[in-house]
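A closer look at the structure
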Amino acid sequence: SVVASAISSWKEQQLQNQQSPQRVEDLLHQALTVVTFGNSCRSFCDGPAYIHISMFDDPWTNAFGAHSGNEEGSGGGRNAVYFHAYSPYDDEDTNETQHTNLKS
């Protein structure tokens, strides 16, 4: 992601200028909130406040993006918030089966 890369580059530049990692992350957290919709990036640096919104049935986010179900850690940035839902545009039979499985 271009945004994730730009934030990481800025953070690295500040760290090279002898700023402490905690100070840089605090500045980012106070100044920057990143909201993603169906992202396809698994590597968001710590610092900014992140809100990641995606559909459970989105194959791109599930395969390549940051979401709460990633096995190797979310990668969505420290203390990221995740909102997931089922797509209202998907096949109704598929959604009924998935909702039934969640209730079990």
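What you see is a predicted model; the values in this text were computed from it and never measured.

Reading the values: the criteria
- Residues numbered from 1 in each chain as written.
- Predicted model: local features only at pLDDT ≥ 70, side-chain atom pairs only at ≥ 80, totals over all residues.
- Heavy atoms only, no water.
- Helix = DSSP H or I, 4+ residues; strand = E, 2+ residues; numbered from the N terminus.
- Buried < 20%, exposed > 50% of the residue type's maximum accessible area, 1.4 Å probe, protein only.
- Contact = heavy atoms within 4.5 Å.
- Areas by Shrake-Rupley, 256 points an atom, 1.4 Å probe, with all protein chains shown as cover.
- Pairing = 2+ DSSP bridges.
- Core = buried A, V, L, I, M, F, W, Y, C linked by side-chain atoms within 4.5 Å.

Brief notes about the overall build of the protein
Per the secondary structure count, the protein includes four helices and three strands. Reading the secondary structure of the protein in the N-to-C direction produces α-α-β-β-α-β-α. The proportion of buried residues among the 104 residues of the protein is 30%. Restricting the contact set of the protein to residue pairs at least 6 apart, pairs at least 24 apart contribute 46%. Total accessible area on the protein stands at roughly 6,900 Å², and carbon and sulfur atoms take up 52% of it.

Details of the pairing of strand 1 (residues 33-37)
Side chains of strand 1 alternate between two faces, with V34 and T36 buried and T33, V35 and F37 left unburied. Summarising the sheet, strand 1 and strand 2 (residues 49-55) pair through five bridges and their orientation is parallel. Bridge assignment links F37 to a residue of strand 2, and that residue is I53.

Section: the nonpolar core
Formed by A4, I7, V24, L28, V34, C41, F44, C45, Y50, A66 and A80, the largest nonpolar core amounts to 11 residues. Of all the secondary structure elements, the ones that give two or more residues to this core are helix 1 (2-16) and helix 2 (21-31). Residues contacting I7, with those up to four places away along its chain left out, are L28, L32, V34, C45, P48 and Y50.

Spatial relationships are all this shows, so hold off on functional conclusions.
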